[in-house]
Structures are given as structure tokens and as C-alpha cells.
Amino acid sequence: MDFTLTAVLCLQPGGAQQGYPAGPAPGQPMPNYPAAPANTPSMPAYGGGVPSNPQTPAISVRCVHLHPWTSIKLFTSTDENAIVELLGSRTNKQRVPMVSAYKTTYGKDLAKDLKSELTGNFENLVLAMIKSPSHFDASELREAIKGAGTDEACLIEILSSRSNAEICEITRIYKAEYGKTLEDAITSDTSGHFRRLLVSLCQGNRDERETVDVAMAKQDAQKLYAAGENKVGTDESQFNAILCARSKPHLRAVFQEYQQMCGRDIEKSVCREMSGNLESGMVAVVKCIRNTPAYFAERLHNAMQGAGTKDTTLIRIMVTRSEVDMLDIRQAYVKAYGKSLYTHISGDTSGDYKKLLLKLCGGND
């Protein structure tokens, strides 16, 4: 191999990509590049993991060609550290343009070059971070569906936590990238009421009004009670209709009314009335609607708890939530488990993979 990748920070006013400045004149020293911000809880961030300063310089990646006799091993560690600093200190909107800029400048695919240079979970994390959120979600859904088994928890996690606009963009990308609709992929890989739950969620048609009609919340609570605890058997369709169509603020009010009406938490009623994938799917929807940060804190804890780490889940949540609600997730994690998310990641992962995950986490609590 005659080249290696190194990250080069190019200072440009206002953070916009405005071309690629030439190198220094012969005999002139190289410019000093600013260090990444320190990983501290007080670091300004979207959700805690990356800086939100709109004046942060734009970035590009330079492929440095070395003489064939130059040993790549001399540069491997430095390059990986540079990748950690570069990707871990920039927002997704700053990272994604690197892909097209790299191809424009060098006529090569950045993802393919990174795959040739990196390995394991660090490779997977880096590749996830240079995709747009919707492209990454679409690829995760694809991986959850294809193959022998189905990752039902991944399907529910993504479809129950994204906005209508995000789901519509995911479905558009899924069709363009994989040649079939997300709904068709779900339909062919699942069955029964669980299939209906997923199909309902992937429509991206949930009511998103913030206002709550208390009278309607009481009516919906009564409908759920009549469909489950207050009858022989369960009317799963009624649960599906309410949990997949009503707004999240409305459903939180419904859950409170349900508790007061029958003296039982809605989550426990779902567990009593349903089983299998439908039960776990409905419970996940309820948890995500009730308290999204707590839901993701639990998902992260389960991914790292016990023998072996569910790295796919860990990577997906850390990447997708780092600029959304990571600070809230960190707080929920400490509250639920008595230790910080930062500490758990530090003890459960290693190397450059750990360093980059901790960049996304943003700090210790």
C-alpha cells in the first residue's frame, strides 16, 4: 500500500467550505492547526457530543501519498488519532460534506479508503459518522431486515423515535438505495400484529401537534382499557391505532389517565395482554413516547451489560443521538444506573473505538 489517510483541518471563514487553500510556499513553515475542544461536560454541544459553534472552521480530508518505501506503520497511530479528533469535534453537517469533497478532489471514495485503512468497531463507527442521519437510519433498517434473522428492536427503535419528516426522508432514501419500499421490506420480513405495528409507524403520519385535549385523552384511555384489561382477549388493533397515530404529548396524557382509571401502568397492561415481538414492540413504543432519553439510556445499558457488547446498537444510538438529546440521556443514565454513561463506555470498550465514542458522549457526569 502506497498511501495513508490523514486529516487536515483547513481554516476557512465562517465555517463554510470555500475551496481548498494551497500549501505553504517552499521554505515556509506549516500553519498551526487548532486543537479539538476538550472533552468536558461544560463543552458547548448539540446534545453533549459535538461542538455547536457555527464559526467552527470547515474541514477537508487530504490523502497524503507516500513513497513506496515509506512504512505505513509509522503513521497508523497518528492517523487514527487525527480521525478521532477530526470526526469527534465536528457536527454531522460538517462531516457529511467531506465525502463529496474528497471524491471531487481525489477522484476516490472516502468510505472505501477508510474501510481499507480501518478495522472492526472503529471502522464501523467512523463510517456511520460520515453518513447523514437519514442515510444511516436507512442503512441500519436494511441491515436489521436482510439476512436470516430480523433485528426487531432496531426497527422499533428507529421508527418510534423519529419525526414524520425524518421517517419520510428515510423511506425515500431506502427506496432509492435498495430498490424497494421500506414498507414492502417490512411486510415481507415480519408477520401478524407486529407487522401492522411497524407498517403503521413507517407511514410517518403521527399527529405532531403539541396541544393536548384532556377530554380526548380520557376517551383514548377508556378505549385502551376496553380493548385490553376490561375484556376477554385483546383488541390489538385499538392499541395500534392509538399508539401509532396520536401525538406524543397526547399519549403521555393518555398514559396518566389510564393509570388513574384502572390503577395499572399502561406498560404493565401491554405486558399482560400481549406476547412475543408485539409485546416488546408495543412496550418499546410506550417507553419511547413516555420518556425518550430514559428509553435510550436503557437501550445503551442493555447493549453494554453482561457478557459481550452489542456494538451495533451502541454505535447507532451514540451516533444518532449525539446531537439530539445526549445530555438528557446521560442524566437519565446516571439516575437509572448510578454510574455515568461515560464511565460505562470507558470500561466496556477500548482503543480508538472508545476514544471516538467518548467524543460523542461529550463528558463525564
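In the annotation of an unreviewed UniProt entry, the entry for the protein chain reads Annexin, and the organism field reads Gasterosteus aculeatus aculeatus. We quote the UniProt Sequence similarities (unreviewed entry) comment for the protein chain here in full: "Belongs to the annexin family."

Trainee: Explanation requested: the state of the cysteines in the structure shown.
Mentor: In protein chemistry, a disulfide is the covalent bond that joins the sulfur atoms of two cysteines. Under the counting rule described, the total for this entry stands at zero disulfides. The structure places no disulfide on Cys202, whose sulfur is separated from the nearest cysteine sulfur, that of Cys168, by 9.9 Å.

Trainee: Quick question: what am I supposed to make of helix 16 (residues 292-304) here?
Mentor: Given 3.6 residues to a turn, an α-helix orients residues that are three or four positions apart in the same direction. End to end, helix 16 covers 19 Å across 13 residues, agreeing with the expected 18 Å (1.5 Å per residue, within 8%). Among the 13 residues that make up helix 16, ten are buried, leaving the element largely enclosed by the rest of the structure. All buried positions along helix 16 are accounted for by Thr292, Pro293, Tyr295, Phe296, Ala297, Arg299, Leu300, His301, Ala303 and Met304. Phi turns positive, to about 80 degrees, at Gly306, one or two residues after helix 16.

Trainee: Explanation requested: the packing of helix 6 (residues 133-145) against helix 8 (residues 164-178) in the structure shown.
Mentor: A pair of packed helices is captured by two measures, namely the crossing angle of their axes and the spacing between those axes. One way to put it is that helix 6 packs onto helix 8 with a least axis distance of 8 Å and a crossing angle of 65 degrees. Remark: the crossing between helix 6 and helix 8 carries right-handed chirality. Together, Ser134, His135, Asp137, Ala138, Ser139, Leu141, Arg142 and Ile145 of helix 6 and Glu166, Glu169, Ile170, Ile173, Tyr174, Glu177 and Tyr178 of helix 8 make up the contact between the two elements. Looking at side-chain class alone, the contact of helix 6 with helix 8 contains seven nonpolar, three polar and five charged residues.

Trainee: Explanation requested: the environment of Leu125 in the structure shown.
Mentor: Mapped onto the fold, Leu125 is located in helix 5 (residues 120-129). As a C-alpha pair, Leu125 and Arg316 span 191 residues in sequence and 8.4 Å in three-dimensional space. Apart from the residues within four sequence positions on either side, Leu125 is in contact with Ile315, Val319, Tyr353, Leu356, Leu357 and Leu360.

Trainee: Please explain the environment of Asn121 as it appears in this structure.
Mentor: Checked against the element boundaries, Asn121 lands in helix 5. Residue class for Asn121 comes out partly exposed when judged on its relative accessible area of 27%. Excluding residues within four positions of it along the chain, Asn121 makes contact with Asp311, Ile315 and Tyr353. Among the polar contacts made by the side chain of Asn121, one reaches the side chain of Asp311 at a distance of 3.3 Å.

Trainee: When you look at the environment of Gly192 in this model, what are you seeing that I'm missing?
Mentor: Within the secondary structure, Gly192 sits in helix 10 (residues 192-201). Between the alpha carbons of Gly192 and Leu278 there is a distance of 8.6 Å; along the sequence they are 86 residues apart.

Trainee: Explain the nonpolar core to me, please; I cannot follow it from the model alone.
Mentor: Nonpolar side chains in soluble globular proteins tend to be buried together. The biggest cluster of nonpolar side chains holds 85 residues, and the ones touching the most others in it are Leu125, Leu197, Phe239, Met318 and Leu341. With eight residues, the single largest contributor to this core is helix 15 (residues 276-290). Leave out the neighbours within four places in its chain, and Leu341 touches Leu300, Met304, Met318, Met326, Ile329, Arg330, Tyr333 and Cys361.

Trainee: What's the story with the packing of helix 7 (residues 152-161) against helix 17 (residues 311-321) in this structure? I'm lost.
Mentor: Running from N to C, helix 7 and helix 17 cross one another at 10 degrees; their axes reach a closest spacing of 12 Å. On the basis of the axis angle, helix 7 is roughly parallel to helix 17. The residues of helix 17 that touch helix 7, namely those facing Cys154, Glu157, Ile158 and Ser161, are Thr313, Arg316, Ile317 and Arg321. Among the residues forming the contact of helix 7 with helix 17, the class breakdown is three nonpolar, two polar and three charged.

Trainee: Would you take a moment to explain the side chain of Thr190 for this structure?
Mentor: By the element assignment, Thr190 lies in the loop between helix 9 (182-189) and helix 10. For Thr190, a relative accessible area of 9% corresponds to the buried category.

Trainee: Sorry if this is basic, but what is going on with the packing of aromatic side chains here?
Mentor: Two measures describe an aromatic ring pair: the distance that separates the ring centres and the angle between the ring planes. Counted according to the given criterion, the structure contains five aromatic pairs. The interplanar angle of 65 degrees and the centroid separation of 5.1 Å between the aromatic rings of Tyr295 and Phe296 together place this pair among those described as edge-to-face. A relative accessible area of 0% places Phe296 in the buried class.

Definitions and limits used
Residues numbered from 1 in each chain as written. Predicted model: local features only at pLDDT ≥ 70, side-chain atom pairs only at ≥ 80, totals over all residues. Heavy atoms only, no water. UniProt positions renumbered as here; feature names shortened; annotations may be inferred. Disulfide = S-S within 2.5 Å. Helix = DSSP H or I, 4+ residues; strand = E, 2+ residues; numbered from the N terminus. Expected span 1.5 Å × (residues − 1). Buried < 20%, exposed > 50% of the residue type's maximum accessible area, 1.4 Å probe, protein only. Axes fitted to C-alpha atoms, helices over the stretch in contact; angles between N-to-C directions. Left-handed = near helix turned anticlockwise from the far one by under 90°. Contact = heavy atoms within 4.5 Å. Nonpolar A, V, L, I, M, F, W, Y, C, P; charged D, E, K, R; others polar. Polar contact = N/O pair within 3.5 Å; in protein donor to acceptor, adjacent residues only side chain to side chain. Core = buried A, V, L, I, M, F, W, Y, C linked by side-chain atoms within 4.5 Å. Parallel < 35°, antiparallel > 145°, perpendicular 65-115°, else oblique. Phe/Tyr/Trp six-rings, centres within 6.5 Å; stacked < 30°, edge-to-face > 60°.

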